[in-house]
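Here is what each chain is made of, one letter per residue.
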Amino acid sequence: MSYPVKNSDVEGQHLLISVAFAQLSKIRLILAILLSLITASLFALALKYSNKLYTNFLFIQCDNEDTATHYLITTSKNEQLVCPRHFIKDKPYFIFRMLKYRFNSQIQSFEPIEFESKGRIISEMIKFRNKQDRNLKREYFGHCSLQIPIDSIFIYSFNAFTGAFNLLQYFAIAIWFAENTILSPILILVFTVLSVYVNYFLYVRSRKRLQQLANYEQSVEIEDRDQLKPDQIYQKVPSSWLLPGDLLILKENQILNCDCAIIEGDVLVNEASLTGEDIPIPKCAFQNQNVEFSFEKMNQNCLFEGTKLIQANHSVAIVLRTGFSTLRGQYFRNVLYPHPGSMKFYIQAAKFILEIAFIMAVVYAFFLISYIPMDFKPSLLVLRFLDNIVWSIPPSMPIFFQVCKTSSLVKLEKKGIIGNNAEKIESAGTIDTCCFDKTGTLTTLGFRVIKAIPQQEQPILNAIMGCCHHLIRVNGNIIGDPLEIEMLKFVGWQCNFDQQPTIINGNNKQFVIHKIFDFNTQTSTMSVIVSVDQKYFLYTKGSPESINQIAQSKRDDLINEFNINASKGYRILGLAYKELQNNQIDLAREQLEQSLSFVGLLLMENPLKQDTADVIALLKKSGLDVKVISGDNPLTTIQCSKMAKILSADQDISFIDYNEQDQLVTIQSNDDIKIIQIQQQNIFNQLNAIIDDKSELAITGKFLDYLITQSNLKGNINLKNHYQTKTTGKDIAFTEITQIDTEDVNVKKFLINLLKKTKVFARQKPEQKKQIIQILQSFNKQVLMCGDGANDCSAISQAQVGISFNEADASYTAPFISRSESIDCVIKILQQGKAAKRNFIEAFQYQVSVNVIKFIAVLFTFLEAETFADFQFTYTGIITTIPLLTFLCMSGPCDTLADQNPLDDQFALSNQLQIYNNIIWGSIGLIINYFISQSARNVHTCQFNQPIDNCIPKPIHSLKQSGDIQSIMFLSVIFYFMTFAINLYVSSPFKIRYYQNRPLLLWTTLGFVIFFVAAIFPNKGGQWLKVIDISENTYKGFNWIMIAVLIGTAMIGSLTQRFLTKIYPSQQRI
């Protein structure tokens, strides 16, 4: 029986859906051990790699938690995992991705272990905060730090050395040892061990860097009001000792490492680590502690981990969340447990390898017709067949894939881009859609005031701009919202912050600030109460639409001005005021912000970053679909998109909005506004007909919500309190969209058409940004997201590739972090991604090609009971290929961004032709040289005209590791190894030219030199190089013919390759 999970916002994106009790079966465990011993650990490895087999074979579901040893859990992404049972004071729990869960028998469901705060009366929460023993709370909640797990070298080694391809390596090594090949398998083992521990070093370095980002080491003071002695009330402890329920003394310059709520005093904080905006924000204690607590509704009273305290006025906060249950802890959980990357390339590669293995088996069966009469020892033929398996599936392939990824990250780091997830570099080579946040990403975070209108209202406008702000002076510097700082500079008024209340001088008058109502996200307004000339006034600024709604009389003229200037890309504030009577000063804000006089507008500019337009132009030129996902005003965002060249400057852009109250869909294009009543039938057909005429669109968050609700998008529904919003009195839960699947064909057609044409998503909430990425992905789009604030974190985490900037909070979840604020990092990552993806393909194609050609060469040597010598196997398997593939994987990107992506489908005709072309022409060369050798060689044991099978002693118990045929085959193979690398190397349009990759050029040149020396001077050259063992008279002058055959087939193969590449290019347009 499975039990539901009562989800909490501490879970972030890693939600559990259901949990069942399970018991580890001792009988099945013993049986598993016996099967593992019988199968030489193969069954144990099957249990490791098949989660379904592991769960079903070893565990039995039970109804009682007392008899359970484990928990079977199901996640929101349909993952099924097993977690062991732990105990705290005889109370069971389990740990899933750094969070603890327990069973609540009262509600018959599981829930995360957290400090009970939501829905509790604040005063009771404070009073009963310490009902648990402190040591017991420590066991439940752990340390107040983000302890980034780092696998021990033993665990990492076990996982690495028991990988699927590593097991194939051990199989290959066993075969080679059985064939008396010693040096090659030993060197492969050494190389594998070195690569594992190099990767472990990089893994530990990455985790330690994450650990440094995660934690703040400092001492804090806590208050224990239960102490009887006053001198023992305050206690200084390390910040990692904090526990939920502690009363934390807030001090200036302190960086919080917990989520807490202020119960006394007030503070000024910097939440740049949460919002991405370096703006001081005032927060205060609860005005009424006899109400239910809610993080969402009481944001003004709550502080979050990572927040820096600028000022603190006798402030005390109650600690509510610590460790990975904090909001910042959720970001780090996303980093530790990212979305799994696409396995498409690897799955197709595996299928293609099976195809090659089948062909090789058929070829081997054909040769068996000649082998069987030669009276080989059966074990030799069996080993040869097993070699077929080993060579068809190159066991060292994952090593070179990892080299491609690691070298790409190193190259990016040299360009000022830090990569935290090597798997994402592969995804960067497939991107076709780029999404950008607006403020702080496309634009700078600063503002420049243009003007205040209308001119005739200048005195009152100056008064509002000079007083309506919440700036402070710290260490002689005025700090606050950059917008408010620029506004104050524009009017040129002087503030006296040393006096309380604050006095502002301007217009030859003295204004006294009595109350400040900070920005309210619900009303989009900010107000102050001031007195001047013995009169009181309320000065208000905010979004023009909001100001007009609470104005005494509607100002359509100002709204028209707002629309005109917003379409020019200006950030605009509405300015309003009203005179107050003395008895109105203490009224509630909601009562004061009514019946205002809407007097004017403040126009500001949020300039683009210096190179934004140029970068966007390059991205669009390369065929990428560029979109903006912003929380800003639609008209402002549209104009910003035009300035950034995302939209054409002279193009008519329409944006679609939804009026929830009146249930209307509005489509606005300049002065042309179309209104559609929702109640009408076939709403999507009507909308589709309208947008068919529009080339590019912008949509708002409200319209997106309406679309998701009405189109019945199928996906996993996650009841997340953290994402709930109020709509007509009902909670709407955030939907995890996994695919667009709706029965209505017209709806699906409309959605595809809409998303394709929409370039601007405006007024989007953080969870909507992620939804947009999910919807695009459901259309098989490969999405890159670039943003800077915490409101972008979910979208960055969801995208195939996420990018942020070094100082931004989104860098916690971004796999790529740019040290520069320029968005040209997007181009650098895409360039490197395309080159890395091409390197992946070429490394795969090369290994398959050379393994097949080596397999065919050895088949010919068997015809004379010969095989490659130990050193020859080492030379072909390691000395030649490992450096060559390493240098190939290090190939850097082109200087320009291609308008194509590498075609990574291994079953695509172009990719198959490249491999088969090499194999066919290489095989032809081997066949010709075999018959040349047959006719020209000096037979060592028989007369020249005597049948060859009479010259080999029967039965054949062992193979010779020297001889004419194996020498010819070996020389042919090392020549083709070099030419295959050149044939398969596709530089344009993704990578540098072959000659620009100097290590690769030098290595292939050296390989050709070794071949020609050994082939032209078989005695001196061959003996000196310790490569072959033949005498000068082996060829009888026919060595030049052999060389000509190899050069001829290689040139034909190269020309054929170029011809096929032109007809069937190995890339696809974006």
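Scoring rules and cut-offs
Residues numbered from 1 in each chain as written. Predicted model: local features only at pLDDT ≥ 70, side-chain atom pairs only at ≥ 80, totals over all residues. Heavy atoms only, no water. Helix = DSSP H or I, 4+ residues; strand = E, 2+ residues; numbered from the N terminus. Buried < 20%, exposed > 50% of the residue type's maximum accessible area, 1.4 Å probe, protein only. Areas by Shrake-Rupley, 256 points an atom, 1.4 Å probe, with all protein chains shown as cover. Phe/Tyr/Trp six-rings, centres within 6.5 Å; stacked < 30°, edge-to-face > 60°. Disulfide = S-S within 2.5 Å. Core = buried A, V, L, I, M, F, W, Y, C linked by side-chain atoms within 4.5 Å. Contact = heavy atoms within 4.5 Å. Arc of directions from axis to C-beta. Pairing = 2+ DSSP bridges. Axes fitted to C-alpha atoms, helices over the stretch in contact; angles between N-to-C directions.

**Thoughts on the overall build of the chain**
Inference 1: Scanning the chain from N- to C-terminus turns up 35 helices and 43 strands.
Inference 2: Out of the 1070 residues in the chain, the part that is buried amounts to 56%.
Inference 3: Put simply, the chain shows about 46,800 Å² of open surface, and 55% of that area lies on carbon and sulfur atoms.

**Quick notes on the packing of aromatic side chains**
Inference 1: A full pass over the atoms with the stated rule returns 53 aromatic pairs.
Inference 2: When the ring of tyrosine 54 is compared with that of phenylalanine 59, the centres are 5.4 Å apart and the planes differ by 70 degrees; the resulting orientation is edge-to-face.
Inference 3: With a relative accessible area of 29%, tyrosine 54 lands in the partly exposed category.
Inference 4: Their ring planes at 20 degrees and their centres at 5.5 Å tell us that phenylalanine 376 and phenylalanine 862 sit as a pair that is stacked. Residue phenylalanine 376 is found in the loop between helix H11 (344-371) and helix H12 (378-392), and its partner phenylalanine 862 is found in helix H28 (residues 824-862); the two are separated by 486 residues along the sequence. The pair phenylalanine 376 / phenylalanine 862 is uniform in exposure class, with both members buried.
Inference 5: An aromatic cluster of three or more residues is present, and its members are Tyr364, Phe366, Phe367, Tyr371, Phe376, Phe385, Phe860, Phe862, Tyr930 and Phe931.

**Concerning the state of the cysteines**
Inference 1: Applying the stated criterion across every chain yields a total of 0 disulfides.
Inference 2: Lacking any disulfide linkage, cysteine 144 is separated from the closest cysteine sulfur, that of cysteine 258, by 5.0 Å.
Inference 3: The thiol of cysteine 435 is unpaired, and the distance to the nearest cysteine sulfur, on cysteine 434, comes to 7.6 Å.

**Considering the nonpolar core**
Inference 1: In this structure, Tyr371, Phe844, Tyr846, Met969 and Phe1011 are the most contacted members of the largest nonpolar core, which totals 84 residues.
Inference 2: When residues of this core are assigned to their parent elements, the largest contribution, 16 residues, is made by H28.
Inference 3: Excluding its chain neighbours within four sequence positions, the residues that come into contact with tyrosine 371 are Tyr364, Phe376, Leu381, Leu859, Phe860, Phe862 and Leu863.
Inference 4: Grouped together as the second largest cluster of nonpolar side chains are 34 residues, Leu412, Ile425, Ala428 and Cys434 included.

**Topic: helix H5 (residues 134-141)**
Inference 1: Taken residue by residue, H5 has Leu136, Lys137, Tyr140 and Phe141 as its buried positions. Looking straight down H5, one finds that the buried residues subtend no more than 115 degrees of arc, so they occupy a single side.
Inference 2: Next to the buried residues of H5 lie strand S6 (86-88), strand S7 (91-96) and strand S8 (99-104).
Inference 3: Immediately downstream of H5, the backbone of glycine 142 shows phi near 70 degrees, a positive value.

**A closer look at the sheet that holds strand S19 (residues 448-453)**
Inference 1: The 8 strands lie next to each other as S19-S28-S27-S26-S25-S24-S23-S22, forming an open sheet whose pairing is antiparallel. Two strands bound the open sheet, and with one partner strand each, they are S19 and strand S22 (494-496). Neighbour-to-neighbour, the strand axes of the sheet open up by a mean angle of 30 degrees, direction not taken into account.
Inference 2: With 6 bridges connecting them, strand S24 (residues 509-520) and strand S25 (residues 525-532) associate as antiparallel partners. Residue phenylalanine 517 lies in a different strand from S25, and its bridge partner there is serine 527.
Inference 3: Helix H16 (residues 458-467) contacts S19, strand S23 (503-506), S24, S25, strand S26 (535-542), strand S27 (571-580) and strand S28 (597-605) of the sheet and is inclined by roughly 100 degrees relative to S27.
Inference 4: With respect to the sheet, helix H17 (residues 482-491) is in contact with S19, S22, S25, S26, S27 and S28, its orientation differing from that of S19 by roughly 60 degrees.

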